[in-house]
Amino acid sequence: MQSHGARLFVWAFALLLLVGLVVWMNSGYAQLDSQSYDYALALVSACSRQDEARVQRIANEIAERKLPNYDRRVILEITAKALAGKWEAAADSAFDLLKAQSQPAN
């Protein structure tokens, strides 16, 4: 039979693992499909150059294309930052999105 202190330690450790797992699973970006990856790459360039017309074209194309919901949402969130004039934040987000891609998913 375990003592009260040992049981408390096990519960605290399990809770810590659970919290760590939740934080890890909700951090960063998920894999994009290959078409979305190409848009993200173009978005990095457009945001770095603060090219509003190009960002708007990307946003328009994304709105018209059949892309996975996650991909569409993430890319449109970044275009919204750029079109709101938050160029540095948009460029950072786009670059982080690309860094999270080990390779384009198929």
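Residues numbered from 1 in each chain as written. Predicted model: local features only at pLDDT ≥ 70, side-chain atom pairs only at ≥ 80, totals over all residues. Heavy atoms only, no water.

With respect to the overall build of the protein chain
For clarity, the threshold we go by: Numbering of helices and strands runs from the N terminus, with a helix taken as a DSSP run of H or I at least four residues long and a strand as a DSSP run of E at least two residues long. We call two residues in contact whenever any of their non-hydrogen atoms come within 4.5 Å of each other. Here the open area of atoms and residues is found with the Shrake-Rupley method and a 1.4 Å probe, where only the protein chains shown may cover a residue.
Summing up its helical and strand segments, the protein chain has five helices and zero strands in all. Pairs at least 24 apart in sequence give 67% of the contacts found in the protein chain among residues at least 6 apart. Surface exposure of the protein chain reaches about 7300 Å², of which carbon and sulfur atoms provide 58%.

A look at the packing of helix α2 (residues 34-48) against helix α3 (residues 52-64)
Relative orientation and spacing of two packed helices are given, respectively, by the angle between their axes and the distance between those axes. To keep things clear, this is the line we draw: The axes are straight lines fitted to the C-alpha atoms, using for helices just the contacting stretch, and the angles between their N-to-C directions are given from 0 to 180°. When describing relative orientation, an angle under 35 degrees is termed roughly parallel and one over 145 degrees roughly antiparallel, while 65 to 115 degrees is termed roughly perpendicular and anything else oblique. For any helix crossing, the convention is left-handed if the near helix is rotated counterclockwise from the far helix by under a right angle, and right-handed if that rotation is clockwise.
α3 packs onto α2 with a crossing angle of 160° between their chain directions and a minimal axis gap of 9 Å. Here α2 lies roughly antiparallel to α3, going by the angle between them. Of the two elements, α2 crosses α3, and the hand of that crossing is left-handed. Between α2, through Tyr39, Ala42, Leu43, Ser45, Ala46 and Cys47, and α3, the contact on the second element is made entirely by Arg54, Val55, Ile58, Glu61 and Ile62.

Digging into the pattern of salt bridges
Quick note on the threshold: Here a salt bridge means any side-chain nitrogen of Lys or Arg lying within 4 Å of a carboxyl oxygen belonging to Asp or Glu. Burial classes: relative accessible area under 20% of the type maximum marks a residue as buried, over 50% as exposed, and values in between as partly exposed (1.4 Å probe, protein chains only).
Going through the model one piece at a time under the given rule, you end up with three salt bridges. Residue Arg65 pairs with Glu61 through a salt bridge whose shortest N-O separation is 3.9 Å. The exposure class of Arg65 is partly exposed, given its relative accessible area of 37%. A salt bridge links Glu77 to Arg73; its shortest N-O distance comes to 3.1 Å.

Examining the environment of Ala53
With respect to the helices and strands, the residue Ala53 is situated in helix α3. Ala53 sits 30 residues away from Leu83 along the chain, and the two C-alpha atoms are 9.2 Å apart.

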